[in-house]
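Okay, here's what each chain looks like letter by letter:
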Amino acid sequence: MLILLLLAAPAQAATPPSGVVANVAQGKSLFAANCARCHGPRGQGVRDNGPTLKDAGALSADFYVRTGYMPLDNPHSQPWRTRVLFSEQEIRSLVAYVASLGHGPAIPSPQWQRASIPAGLKLFRDHCAGCHQIVAQGGIVIGARVPPLNKATPRQIAEAVRIGPYLMPSFSDKAITATQLNDIVAYVQWTNHPDDRGGWGIGHIGPWPEGMVTWLLAASVLVAMCLVFARRLKT
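Residues numbered from 1 in each chain as written. Predicted model: local features only at pLDDT ≥ 70, side-chain atom pairs only at ≥ 80, totals over all residues. Heavy atoms only, no water.

To continue, consider the overall build of the protein. If you tally the helices and strands in the protein, you get 9 helices and 2 strands. Secondary structure elements in the protein, listed N-terminal to C-terminal, are α-α-α-α-α-α-β-β-α-α-α. Relative to its full complement of 235 residues, the protein shows a buried share of 40%. Total accessible area on the protein stands at roughly 13500 Å², and carbon and sulfur atoms take up 59% of it. (Helix = DSSP H or I, 4+ residues; strand = E, 2+ residues; numbered from the N terminus. Buried < 20%, exposed > 50% of the residue type's maximum accessible area, 1.4 Å probe, protein only. Areas by Shrake-Rupley, 256 points an atom, 1.4 Å probe, with all protein chains shown as cover.)

Structure below.
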């Protein structure tokens, strides 16, 4: 199951501002102050605390810092989207430093604007809906909290698919190609403003509540009709 643990920035803020230059030396200082306690002073990892970051690359560092997943107060807690603690320049510097520790993957740039939403729906249904529900509103999984994806930027969605944060499995470009990933991103973005052809989204949390509301309305009409007929019979 594709548990996209995504994901404080609104979805429309998909691309970080340009013109901000990273400073690796500053990133090293930020790492020492905020990350070394769990990951070690050189990113080598600390037993029973944080994993090694040798091959984490810019991709993992960018995802975890921009979502507020890191730094964690308790290294054994599930990361959860919180307020981002760093400025844009600090984020880029920290990411650059983590990337310099090894040969990890680069940050993806999903080209989702012209991707296929129907194809993304199918892929999301097959890989993601088991945890996030078909409209990406989050769900319940034993041992983890599954967040809604309405705050996930396109870049964060792509990063999470490749990283597999927390209990989520990672998907290589062989398992989910770049084109398929663009389709998934396009569909998740569409779920933020779906086409409610029925006129009532009911929270966009799937068919079960829609069915319950239908039965409730039908039962109310049935009771009302019984009361009308009963009054007429008395007269």
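From this point, the narrative continues.
Now for unusual backbone geometry. The omega angle of the peptide bond from Met70 to Pro71 is 0 degrees, so this bond is cis rather than trans. Locating Pro71 in the fold gives a position in the loop between helix H3 (57-66) and helix H4 (88-99). The backbone of Asp48 sits at a positive phi, close to 65 degrees, despite the residue not being glycine. As for its placement among the helices and strands, Asp48 is situated in the loop between helix H2 (36-39) and H3.

In this section: the packing of helix H1 (residues 24-34) against H4. Closest axis-to-axis distance for the H1/H4 pair is 7 Å, and the angle between their directions is 90 degrees. Of the possible angle classes, the one that applies to H1 and H4 is roughly perpendicular. Contacts between H1 and H4 involve Val24, Gln26, Gly27, Lys28, Leu30 and Phe31 on the former and, on the latter, Gln89, Glu90, Ser93, Leu94, Ala96, Tyr97 and Val98. Per-class residue counts for the contact of H1 with H4 are 7 nonpolar, 4 polar and 2 charged. (Axes fitted to C-alpha atoms, helices over the stretch in contact; angles between N-to-C directions. Parallel < 35°, antiparallel > 145°, perpendicular 65-115°, else oblique. Contact = heavy atoms within 4.5 Å. Nonpolar A, V, L, I, M, F, W, Y, C, P; charged D, E, K, R; others polar.)

A word on the nonpolar core. Across soluble globular proteins, you tend to see nonpolar side chains buried next to one another. Of all hydrophobic cores here, the largest spans 25 residues; its most connected members are Phe63, Phe124, Val161, Ile176, Leu181, Ile184 and Val188. Elements supplying a minimum of two residues to this core: H3, helix H5 (117-127), helix H7 (154-163) and helix H8 (178-191). If we skip the residues at most four places from it in the chain, Val188 touches Phe124, Leu149 and Ile157. (Core = buried A, V, L, I, M, F, W, Y, C linked by side-chain atoms within 4.5 Å.)

Our focus in this paragraph is the side chain of Asp62. Examined against the element boundaries, Asp62 turns out to sit in helix H3. By relative accessible area, which is 1% here, Asp62 ends up buried. Every residue in contact with Asp62, bar those within four places of it in the chain, is listed here: Ile91, Val95, Ile107, Arg155 and Glu159.

Moving on to the confidence of the model for the protein. Looking at the protein, pLDDT values average 85 and 85% of them are 70 or higher. Note on residues 1-14: pLDDT under 50 across the span, and 71 contacts to partners over four residues away in sequence or across chains. (pLDDT = per-residue confidence, 0-100.)

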